[in-house]
Each structure stands twice: as C-alpha cells, then as structure tokens.
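Observations on chain architecture
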Amino acid sequence: MRYVATETFWRKFYALHSHQKELVREKFQIFKVDPFDSRLGTHKINSLSAQKGKTVRSVVIEGDLRAVFVIDGDLVTTIDIGSHAIYRT
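A short tour of the structure in this document, coming up.

What counts and what doesn't
- Every chain begins its residue count from 1, and numbering advances along the sequence as written.
- Only residues with pLDDT of at least 70 are given local features in this predicted model, and only at 80 or more are side-chain atom pairs given and counted; all residues enter the totals for whole chains, interfaces and linings.
- Excluded from the side-chain calculations are hydrogens and water; all other atoms, namely the structure's heavy atoms, are used.
- Nine residue types can take part in a nonpolar core, namely buried Ala, Val, Leu, Ile, Met, Phe, Trp, Tyr and Cys, and a core is a set of them joined through side-chain atoms within 4.5 Å.
- Burial classes: relative accessible area under 20% of the type maximum marks a residue as buried, over 50% as exposed, and values in between as partly exposed (1.4 Å probe, protein chains only).
- Counting from the N terminus, the helices are DSSP H or I runs at least four residues long and the strands are E runs at least two residues long.
- Any two residues whose heavy atoms approach within 4.5 Å at even a single point are treated as in contact.
- Note on aromatic contacts: the rings of Phe and Tyr and the six-membered ring of Trp form a pair at centre separations within 6.5 Å, being stacked when their planes are under 30 degrees apart, edge-to-face when over 60 apart, and tilted otherwise.
- Space inside and on the surface of the protein is sampled on a 1 Å grid over the protein atoms alone, with a cavity defined as a set of points where a 1.4 Å probe fits but cannot get out and a pocket as an open set with protein on both sides within 12 Å along at least 5 of 7 lines; lining residues have an atom within 4 Å of a point.
- Grid points are joined across faces, edges and corners, and a volume is the space filled by probe spheres set on the points.
- Following the grouping adopted for this structure description, the nonpolar residues are Ala, Val, Leu, Ile, Met, Phe, Trp, Tyr, Cys and Pro, the charged ones are Asp, Glu, Lys and Arg, and the polar ones are all others, Gly among them.
- To estimate the expected span of a helix, count its residues, drop one, and scale the result by 1.5 Å.

Ranked by size, the top nonpolar core spans 14 residues in total, and within it Leu16, Val24, Phe31, Val59, Ile61 and Ile81 carry the most contacts. Of all the secondary-structure elements, those providing two or more residues to this core are α1 (7-14), α2 (18-33), β3 (57-62), β4 (65-72) and β5 (75-82). Sequence-distant contacts of Phe31, defined by excluding residues within four places in its chain, comprise Tyr3, Leu40, Val59, Phe69 and Val76.

Given below as structure tokens:
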C-alpha cells in the first residue's frame, strides 16, 4: 500500500494538541498493518461516500476525533481529520 494525505489533512493535523498528534501516529501504525483492525473502529461514511461517488471511511482516533480516508487500489488517501463535523463537508 501507498499512503498520501491531502493538504487539508496536514493543516488540521498540525493544529492538533501534541497528545492528539501522538495518538494519530499510534493509530497510523495499526492502520498500516490493517486499516480494518477493530481497534480503529473503521466505518463507512455514507453521506460522504454518496457525495464523492466512492467509498469514504473513517477511523476513530479518540472521542470525537476522526481521520477520513479513501482506498483506491493500493493507494490510501487520508483526506481530513477532525470531529464528526468533517462528515458534512
């Protein structure tokens, strides 16, 4: 698998508190092994999937903090990070 992230993701990632950044890094280590590991709470975001015309998924970082991504073949693109409000973008 190849992993890329959008500018939006990086901008919001760098605005997170340091402990949240560390949690994102820890979850990414799990994600690289298995994006559907039960510890990630991976789930499909139906509204964004319909809007974008492709399957959009989210993983739980902590509480209301989510990272949103799409898988296209062997390319995983992380498109956003934030609260549930990002599901409505």
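Looking now at the packing of aromatic side chains. This model, assessed by the stated rule, comprises nine aromatic pairs. For the pair Trp10 and Tyr14, a centre-to-centre distance of 5.7 Å together with 25 degrees between the ring planes defines the contact as stacked. A residue pair is termed a helical-turn pair when its members lie 3 or 4 positions apart in one helix, as Trp10 and Tyr14 do in helix α1 at four residues. Given the relative accessible area of 38%, Trp10 is considered partly exposed. Between Phe31 and Phe69, the ring centres sit 4.8 Å apart and the planes meet at 85 degrees, which makes this aromatic pair edge-to-face. Of this pair, Phe31 sits in helix α2 while Phe69 sits in strand β4, placing them 38 residues apart in sequence.

In this structure, the largest pocket occupies an estimated 360 Å³ of space. For the lining of the largest pocket, the elements supplying multiple residues, two or more each, are β1 (2-5), α1, α2, β3, β4 and β5. If you tally residues by element for the lining of the largest pocket, the top one is α2, at six residues. Considered class by class, the residues forming the lining of the largest pocket number 15 nonpolar, two polar and two charged.

Let us look at α2. Relative to the 22 Å expected for 16 residues at 1.5 Å per residue, α2 spans 24 Å between its end C-alpha atoms, a close match to the ideal helical length. Within α2, the full set of buried residues consists of Gln20, Lys21, Val24, Lys27, Ile30 and Phe31. Buried-residue contacts for α2 involve β1, α1, β3, β4 and β5.

Another aspect to go through is the environment of Val24. One can find Val24 in helix α2. Among the residues examined, Val24 registers a relative accessible area of 11% and is labelled buried. Distance in space between the C-alpha atoms of Val24 and Arg2 is 18 Å, their sequence separation being 22 residues. Non-local contacts of Val24, meaning those with residues more than four positions away in its chain, are made with Phe13, Leu16, Ile61 and Ile81.

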